[in-house]
Amino acid sequence: MPLPAPPATRADDRSCTVTLFRICEDGVAQDIIELANGGWQRHDFYMRLALVVESGAKCLGSHVGAVIVRDDRVLGSGYNGTPAGYPNCTESERGCRRCALRIERPDQQLAGKLYDICLCVHAEQNAMATAARFGTAIDGAILYTTLQPCFNCLKELMQVRLRGVIFLREWKAGHPEYAWVSEEYQRLVDHYRSKGNVFARLDQQETLDAVQVEIGHPV
């Protein structure tokens, strides 16, 4: 049974106050933004925007959407998929081979492996790249993403100085060949939090279904 800790409040001098509730599961501390928090509805609003963005994903694996927000303005958005102009994984023409192999050969256990040769750009990466493409500074902003960032995305958002990450679904850091990977990821999260940044899951009273819309692939 997870043991709750007292709420922790981190001030947001640009927008609203983020109040967190920390629990400990399997020795890992997790911050949660609960429904009772004063700013929950605002976070829920931006998470719903991220779900709309997620509907554009054409990946054979997980579908993820992300938006970057500062001063109640969306600075960038993105979903996961192949680079602009390249065939999608869902098209008949070959897209990302790694994604295809995850479906065709589940026995190869590619989950958590070979991210460095995956052709798909993650939603968080696309959101940051979109802002950079149009010359929009995102330091001090908050990233809302429908899936907890992976190793690479977490490193990159730290590097561009995003001050907060709020996610909907958990992602378990792991690797079938390296037992220490999850501990390494947690150390990275702890370091990010130690600098006064927010890394928390948004609590949901009801399951939010992904918006089902068909949009074209960006060129």
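Cut-off values and rules
Residues numbered from 1 in each chain as written. Predicted model: local features only at pLDDT ≥ 70, side-chain atom pairs only at ≥ 80, totals over all residues. Heavy atoms only, no water. Core = buried A, V, L, I, M, F, W, Y, C linked by side-chain atoms within 4.5 Å. Buried < 20%, exposed > 50% of the residue type's maximum accessible area, 1.4 Å probe, protein only. Helix = DSSP H or I, 4+ residues; strand = E, 2+ residues; numbered from the N terminus. Contact = heavy atoms within 4.5 Å. Expected span 1.5 Å × (residues − 1). Arc of directions from axis to C-beta.

Q: Is there a simple way to explain the nonpolar core in this structure?
A: Grouped together as the largest cluster of nonpolar side chains are 25 residues, with contacts concentrated most on Ile-68, Leu-157, Leu-162 and Phe-199. If you list the elements that add at least two residues to this core, you get β5 (65–70), α3 (123–133), β7 (142–147), α4 (151–159), β8 (164–169) and α5 (181–194). With 4 residues, α3 is the single largest residue contributor to this core. Residue contacts for Ile-68: discarding those within four places in its chain leaves Arg-73, Val-74, Leu-75, Gly-76, Ala-127, Met-128, Ile-138, Ala-141, Ile-142, Leu-143 and Leu-162. Counting 18 residues, the second largest nonpolar core, distinct from the first, contains Ile-33, Leu-168, Ala-200 and Leu-202.

Q: Looking at this structure, how should I read helix α1 (residues 40–54)?
A: Residues spaced three or four apart along an α-helix point in a common direction, a consequence of the helix completing one turn every 3.6 residues. Across its 15 residues, α1 extends 21 Å between first and last C-alpha, which sits within 8% of the 21 Å expected from 1.5 Å per residue. Here α1 has its buried residues at Trp-40, His-43, Asp-44, Tyr-46, Met-47, Ala-50, Leu-51, Val-53 and Glu-54.

Q: Even after reading the chapter, I still don't get α5, so can you show me in this structure?
A: With 14 residues, α5 extends 20 Å from end C-alpha to end C-alpha; this agrees with the ideal 20 Å at 1.5 Å per step. Here α5 has its buried residues at Val-181, Tyr-185, Gln-186, Val-189, Tyr-192 and Arg-193. Angular distribution of buried residues about the axis of α5 spans 135°; they occupy a single face of the element.

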